[in-house]
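Residue strings, one per chain:
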Amino acid sequence: MRRVLIIDDELDVVDLVSLNLRKEGRFAISSAVDGAVGLQKAREEFPNLIILDLMLPGISGFEICRILKADDATQRIPIVMLSAKAAADDRIRGLELGADDYVTKPFSPRELVLRINALAHSKKQDAGNEFEWNSDGVAISGSRHEVTVGGRRVCLTAIEFKLLTHLIQTRGRVQSRDFLLAQVWEYAGSITTRTVDAHVQRLRKKLGNASDIIETIRTYGYRFRDS
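Reading the values: the criteria
- Residues numbered from 1 in each chain as written.
- Predicted model: local features only at pLDDT ≥ 70, side-chain atom pairs only at ≥ 80, totals over all residues.
- Heavy atoms only, no water.
- Axes fitted to C-alpha atoms, helices over the stretch in contact; angles between N-to-C directions.
- Helix = DSSP H or I, 4+ residues; strand = E, 2+ residues; numbered from the N terminus.
- Parallel < 35°, antiparallel > 145°, perpendicular 65-115°, else oblique.
- Left-handed = near helix turned anticlockwise from the far one by under 90°.
- Contact = heavy atoms within 4.5 Å.
- Nonpolar A, V, L, I, M, F, W, Y, C, P; charged D, E, K, R; others polar.
- Pairing = 2+ DSSP bridges.
- Phe/Tyr/Trp six-rings, centres within 6.5 Å; stacked < 30°, edge-to-face > 60°.
- Lys NZ or Arg CZ within 6 Å of the ring centre and 35° of its normal.
- Core = buried A, V, L, I, M, F, W, Y, C linked by side-chain atoms within 4.5 Å.
- Buried < 20%, exposed > 50% of the residue type's maximum accessible area, 1.4 Å probe, protein only.
- 1 Å grid on protein atoms, 1.4 Å probe; cavity = no way out; pocket = protein on both sides within 12 Å on 5 of 7 lines; lining within 4 Å.
- Points joined across faces, edges and corners; volume = space filled by probe spheres on them.

Caption draft 1: Broad picture of the packing of helix H4 (residues 88–96) against helix H8 (residues 193–207). Put simply, H4 and H8 touch, their axes get as near as 9 Å, and they point 40° apart. Relative to H8, the element H4 is oriented oblique. The handedness of the crossing between H4 and H8 comes out as right-handed. Residues Ala88, Ile92, Leu95 and Glu96 of H4 lie in contact with H8, whose contacting residues are Arg194, Thr195, Ala198, His199, Gln201 and Arg202. Counted by class, the contact of H4 with H8 contains four nonpolar, three polar and three charged residues.

Caption draft 2: Examining the sheet that holds strand S12 (residues 221–224) more closely. With antiparallel pairing, three strands are arranged side by side in an open sheet as S10-S12-S11. Looking along the sheet, the strands with just one partner apiece sit at the ends: strand S10 (175–176) and strand S11 (214–217). Packing of helix H6 (residues 158–169) onto the sheet brings it into contact with S10, S11 and S12, and relative to S12 it is tilted by some 70°.

Caption draft 3: The arrangement of the packing of aromatic side chains in detail. Scanning the entire structure with this criterion turns up one aromatic pair. Across from the ring centre of phenylalanine 62, 4.0 Å away, lies the NZ or CZ of arginine 93, which sits over that ring.

Caption draft 4: Spatial organisation of the side chain of aspartate 100. Summarising the element assignment, aspartate 100 is placed in the loop between H4 and strand S5 (101–104). Setting aside chain neighbours within four positions, we find aspartate 100 in contact with Lys69, Ile77, Pro78, Ile79, Leu95, Leu119, Thr157, Ile159, Trp185 and His199.

Caption draft 5: How the structure looks around the nonpolar core. Counting 45 residues, the largest nonpolar core has Val17, Leu21, Ile51, Leu164 and Ile214 as its most contacted members. Residue contributions to this core peak at six residues, all from H6. Core analysis: the second largest hydrophobic core is formed by 18 residues, Leu5, Leu56, Cys65 and Ile67 among them.

Caption draft 6: Main features of the layout of surface pockets. Its boundaries defined by the atoms lining it, the largest pocket holds a volume of some 340 Å³. Elements with a contribution of two residues or more to the lining of the largest pocket: helix H3 (61–69) and H8. No other element matches the four residues that H8 contributes to the lining of the largest pocket. Of the residues belonging to the lining of the largest pocket, the class tally is three nonpolar, three polar and seven charged.

Laid out in structure tokens, this is it:
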């Protein structure tokens, strides 16, 4: 059973999401309706995934995400933001803080479950990934889920790691944003290509001096520089 923590102060949303996840038969659910309590549960329970509202009493979802992604113990837990804030700026801010996905209310429960399954599948694939790479000061170990740049360890989320690995495995070839969505996120739907841009931006920031190994192909997508 995969453990999912729902942090949302709307009880009807908690009930709806819980019901649809339980129908899958492989999720154990816990919940919190307060930001501070939700943060505490995330640290104590170490769930496999967190569904996080933004407008919470106590501590905002943005702040919870920032805190969890800055902590070595919790930064690899996938976070799906679920919010009525539909503005592009809010979505991009959430993704830049480390959220793995962003779903706006009102939402389709089935689509949310599909996104959760995609993230769960991504994390499972990473656990058994034997991909190894070492070039130009960038080293990747799939078996250890570890990336180093110039000997400095870089901590990536499951989606960031999968994105970087995919770009390296297809190095020298341009990958469109739509194709990256299909290959890395493994689903289509209302998710936009700006999700890809936000994740690439965050990945480049973490890579630091090696950020230029990911090239932007204007209006189309990205390419890993083939040295």
